[in-house]
Amino acid sequence: MSKQPTPLSPTTHLIHPKRDVPTGFRSLAPGTERASTVLFENIDKWVNRSGADESIYTYGTSGTPTTRDLQNRIAEWEGGFATVLFPSGLAAVAYAFLPFVAPGDHVLVPGNVYDPVRGLANGLLKQMNVTVAQYDPLIGAGISALMKPNTKLVWVETPGSITMEVSDLPAIAKAAHAGGALVAIDNTYSAGWYLRAFELGADISVHALTKYPAGHSDLVMGSITAKDEATWRRVKDMALQTGQCCAPDDIYLVLRGLPTMPMRMRHAEKVALDIANWIKARPEVKLVLHPALPDCAGHDTWKRDFTGSTGVFSFVLHDQYKADAAARFIEALELFGIGASWGGIGSLALTYNLTKTRANWPHQGALIRLGIGLEEPSDLIADLTNGFAAL
Ligand SMILES: Cc1ncc(COP(=O)(O)O)c(C=O)c1O
């Protein structure tokens, strides 16, 4: 800027303002660094730049200090090598597969997987000639029988985000590693806060930061954290090749959400458990699918591997209550919104027709999933009471 002729025209001055460096300014809140262009000190630094070098800044797509701040915080709390951010949780899911598979490969996903993963399997992965086979989420060490010489990745989602089965991650990881495959986990349920994915054998941990980390139902974002540098490098390279990045303003909102995440999660855990137990006692309810309750498949694994539960759980109505009854229940609720996601401020309720997507789903009654928000628990119970009355 000092090389510019002076005085500058007002237009140029708008672009090159005299900036005061805020010496002596310290805040509890992080700044928000936005950039497409990143300026270099000299041509030598420009010529020798590399977008893959995270010790420097090169362009908006390879991140600003705001990006690095969030990446570092996630890698730190997960105990991984490093993290890459993606513009949605689903994008992060896709990029946990794509760098590690080639035509002719085979991957394994659980039968209770987050539904859009099925879309990825039947769409892009199929088009790439990658075969996706399903396994029973409760299979544990038995997964070794499904491993093939070309199995490159075993996907784990625990608990499954609708039916809540808890998988034996250490047993699955041991068998997958013995067969030469990587293990990637969708760790969104626990936000990595209640499940130490890397200590239990995962190589890759994926989050929809959309849920508890962001925490306020106002953005979508995802992350991939890798256990080691080689795995991280493959994800990072593909993210750079395809221009995957997030807006610093959205990243700031996640950074803003993080300090309250543990508190919000503890609150959600307590309220959701109280509500789950209250629902369990209702005569209309056949069973409650909540990992911290003994009815839930894999409950003992949850007790062994998790340090807490969160605000999302499901329940199954008695056989006579079908989809129309579930619709009456949900539409009678005023505080529970009808919409996807969870981990945000407001409570949500949805019903899923599992007979379409799950082989051998054993229940005739409708399933309802709740995401408990931050409302006063007694108001939520009163709302749910109206839902049961509408049955
Ligand atoms: C378990 C799980 N994984 C991933 C995602 C995808 O996250 P996003 O909504 O940010 O794409 C979701 C979203 O509901 C989810 O429930």
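Refer to the structure presented above.
Keep in mind that what you see is a predicted model, and the values were worked out from it rather than measured. (Residues numbered from 1 in each chain as written. Predicted model: local features only at pLDDT ≥ 70, side-chain atom pairs only at ≥ 80, totals over all residues. Heavy atoms only, no water.)

Draft legend 1. Examining the sheet that holds strand S5 (residues 182-186) more closely. Pairing in this open sheet of seven strands is mixed, and the strands run S1-S7-S6-S5-S4-S2-S3 from one edge to the other. For this open sheet the edge positions go to strand S1 (82-86) and strand S3 (131-135), each flanked by a neighbour on one side alone. With direction set aside, neighbouring strand axes in the sheet form an average angle of 20°. As defined by bridge partners, S5 adjoins strand S6 (residues 204-208) across three bridges and the pair is classed as parallel. If you follow Ile-185 over to S6, its bridge partner there is Ser-205. Of the strands in this sheet, S1, strand S2 (106-110), strand S4 (151-157), S5, S6 and strand S7 (222-226) touch helix H4 (residues 89-97), which is tilted by about 160° from S6. (Pairing = 2+ DSSP bridges. Helix = DSSP H or I, 4+ residues; strand = E, 2+ residues; numbered from the N terminus. Axes fitted to C-alpha atoms, helices over the stretch in contact; angles between N-to-C directions. Contact = heavy atoms within 4.5 Å.)

Draft legend 2. Structural detail: the sheet that holds strand S8 (residues 285-289). With antiparallel pairing, the four strands of this open sheet are ordered in space as S8-S9-S11-S10. Looking along the sheet, the strands with just one partner apiece sit at the ends: S8 and strand S10 (348-352). Neighbour to neighbour, the strand axes of the sheet diverge by 25° on average, direction disregarded. Looking at chain direction, S8 and strand S9 (residues 312-317) are connected through four bridges and run antiparallel. From the neighbouring strand, Leu-287 faces S9, where its bridge partner is Val-316. In the packing of helix H11 (residues 323-331) onto the sheet, contacts are made with S9, S10 and strand S11 (367-371), and the angle to S10 comes to roughly 175°.

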